[in-house]
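Below, each chain spelled out in residue letters.
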Amino acid sequence: MEGERTPSGREMTGSASEAREAAGVAPYRLLCINLERSTDRREAMSARADALGLTVEFIPATLGAALDLETGPPGYQRRRRALTWTGPLTAAEHGCLASHRAALKAFLAGPETCAVVLEDDARPLPEFDATVKRLMALGEAAAAVRLLTYLRDDPGRAAHEWPDGQGLVLRRKWTLGGAATFYTRAGAAALLARTEAYFEAWDNLLGRPWIAGAPILELRRSIAELADVESTIEPGRAEARRGRATGAARLRPEKRERTWWRMATGAHRKLTGSGALRRHRRQLKAAVLRADLD
């Protein structure tokens, strides 16, 4: 994945991570996106983090309703969206993408080599910290990993396994969701670069490798769970999709959508097929060997 020129986890010294561990703090940053008005979610996340011995930092979420959707937020590819979908992105989807970009920028502004970005309805599970440290040991071979398993009916194909049965998988199906994601510096920089211009929602982006720039791995077993609260992104999505197509979207929409999905499916298979799986396995195996030698 191409990205901005920032030091990778292997190039940076371990001083920042070591200092955090010496102070009894996790050697990675745990960032949580939260609307300032959602104090109940902030308190719930803080309580869960305290119970697990984690330190969480809150990133103020961007309120989509406050964005200018008439002209479109900077970078929004309105015409490309019209050519590939029958409805525009909702205000909440714009706000979600801007919030995740802000979290990644906050991570890259510090010295840490890795970070986890959570939405405020994702709650870490007891094995959270130990598993994130396992991912850190893999370096840039695990540049971006989703920590919540969404497709329970699709076991995926193993890219890397640990003795206890936990592992990293590559999905053949398209998956949605970005409520809990692990990033290295290179992974974060690459996604920031890829979303300077955008036409997809953030959670869709993470499941579409031809847009994200590379397939994003996923844990076999989730180390976070979604709280039973209303999504701040989902309301309004279905209504927006039912809107009448305008502009380029009126040009034979059935043919347009068939062509788009055929192209997308081909690109998806290319980036998640056997060749991609073998490449991931080689990279992860090399990362484990480097970690053992260190």
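As a reminder, the structure under discussion sits directly above these lines.
Thresholds, definitions, all that
- Residues numbered from 1 in each chain as written.
- Predicted model: local features only at pLDDT ≥ 70, side-chain atom pairs only at ≥ 80, totals over all residues.
- Heavy atoms only, no water.
- Helix = DSSP H or I, 4+ residues; strand = E, 2+ residues; numbered from the N terminus.
- Contact = heavy atoms within 4.5 Å.
- Areas by Shrake-Rupley, 256 points an atom, 1.4 Å probe, with all protein chains shown as cover.
- Buried < 20%, exposed > 50% of the residue type's maximum accessible area, 1.4 Å probe, protein only.
- Pairing = 2+ DSSP bridges.
- Axes fitted to C-alpha atoms, helices over the stretch in contact; angles between N-to-C directions.
- Parallel < 35°, antiparallel > 145°, perpendicular 65-115°, else oblique.
- Left-handed = near helix turned anticlockwise from the far one by under 90°.
- Phe/Tyr/Trp six-rings, centres within 6.5 Å; stacked < 30°, edge-to-face > 60°.
- Lys NZ or Arg CZ within 6 Å of the ring centre and 35° of its normal.
- Polar contact = N/O pair within 3.5 Å; in protein donor to acceptor, adjacent residues only side chain to side chain.
- Right-handed = clockwise from strand over helix to strand, strands pointing away.

Student: Quick question: what am I supposed to make of the overall build of the protein here?
Tutor: A tally of helices and strands in the protein yields 11 helices and 10 strands. The contacts of the protein with a sequence gap of at least 6 include a subset with a gap of at least 24, amounting to 81%. As presented, the protein carries roughly 14,200 Å² of accessible surface, and 53% of it is formed by carbon and sulfur atoms.

Student: Help me understand the pairing of strand β3 (residues 114-119), please; the structure alone is not making it clear to me.
Tutor: Put simply, side chains in a regular strand alternate between the two faces of the sheet. Of all 6 residues that make up β3, 6 are buried, and the element is covered over most of its length. Both faces of β3 are covered, namely the face carrying Cys-114, Val-116 and Leu-118 and the face carrying Ala-115, Val-117 and Glu-119. When strand β1 (residues 29-34) meets β3, the two strands line up parallel, connected through 5 bridges. Bridging across to β3, Leu-30 finds its partner in Val-116. Pairing between β3 and strand β8 (residues 180-184): 5 bridges, direction antiparallel. Each residue of the ladder has a partner; that of Cys-114, found in β8, is Thr-184.

Student: Looking at this structure, how should I read the packing of helix α4 (residues 91-108) against helix α6 (residues 185-194)?
Tutor: Helix packing geometry: the angle between the two helix axes and the distance between the axes. In the contact formed by α4 and α6, the axes pass within 10 Å of each other and the chain directions differ by 140°. When the interaxial angle is binned, α4 and α6 end up oblique. At the point where α4 passes α6, the crossing takes the left-handed sense. Counting all contacts with α4, which are made through Arg-101, Leu-104, Lys-105, Phe-107 and Leu-108, the residues of α6 involved are Arg-185, Ala-188, Ala-189, Leu-191 and Leu-192.

Student: Is there a simple way to explain the packing of aromatic side chains in this structure?
Tutor: Note on aromatic pairs: each is described by the distance of the centres and the angle between the planes. Inspection of the entire model under this criterion finds 1 aromatic pair. It is Arg-185 that lies over the ring of Phe-107; its NZ or CZ is 5.7 Å from the centre.

Student: Help me out: how do you make sense of the environment of Arg-101 in this one?
Tutor: By the element assignment, Arg-101 lies in helix α4. Owing to a relative accessible area of 10%, Arg-101 belongs among the buried residues under this scheme. Sequence separation of Arg-101 and Ala-188 is 87 residues, and the distance between their C-alpha atoms is 8.9 Å. Beyond its immediate sequence surroundings of up to four residues, Arg-101 is in contact with Leu-192, Thr-195, Glu-196 and Trp-202. A polar side-chain atom of Arg-101 sits 3.3 Å from a polar atom in the side chain of Glu-196.

Student: Just checking my understanding: could you explain the pairing of strand β2 (residues 56-60) for this structure?
Tutor: Pairing of β1 with β2, which is carried by 5 bridges, proceeds in the parallel orientation. Each bridged residue has a counterpart across the sheet, and for Ile-33 the counterpart in β2 is Ile-59. In the classification by handedness, the crossover that spans β1, the intervening helix α2 (residues 39-51) and the parallel β2 is right-handed.

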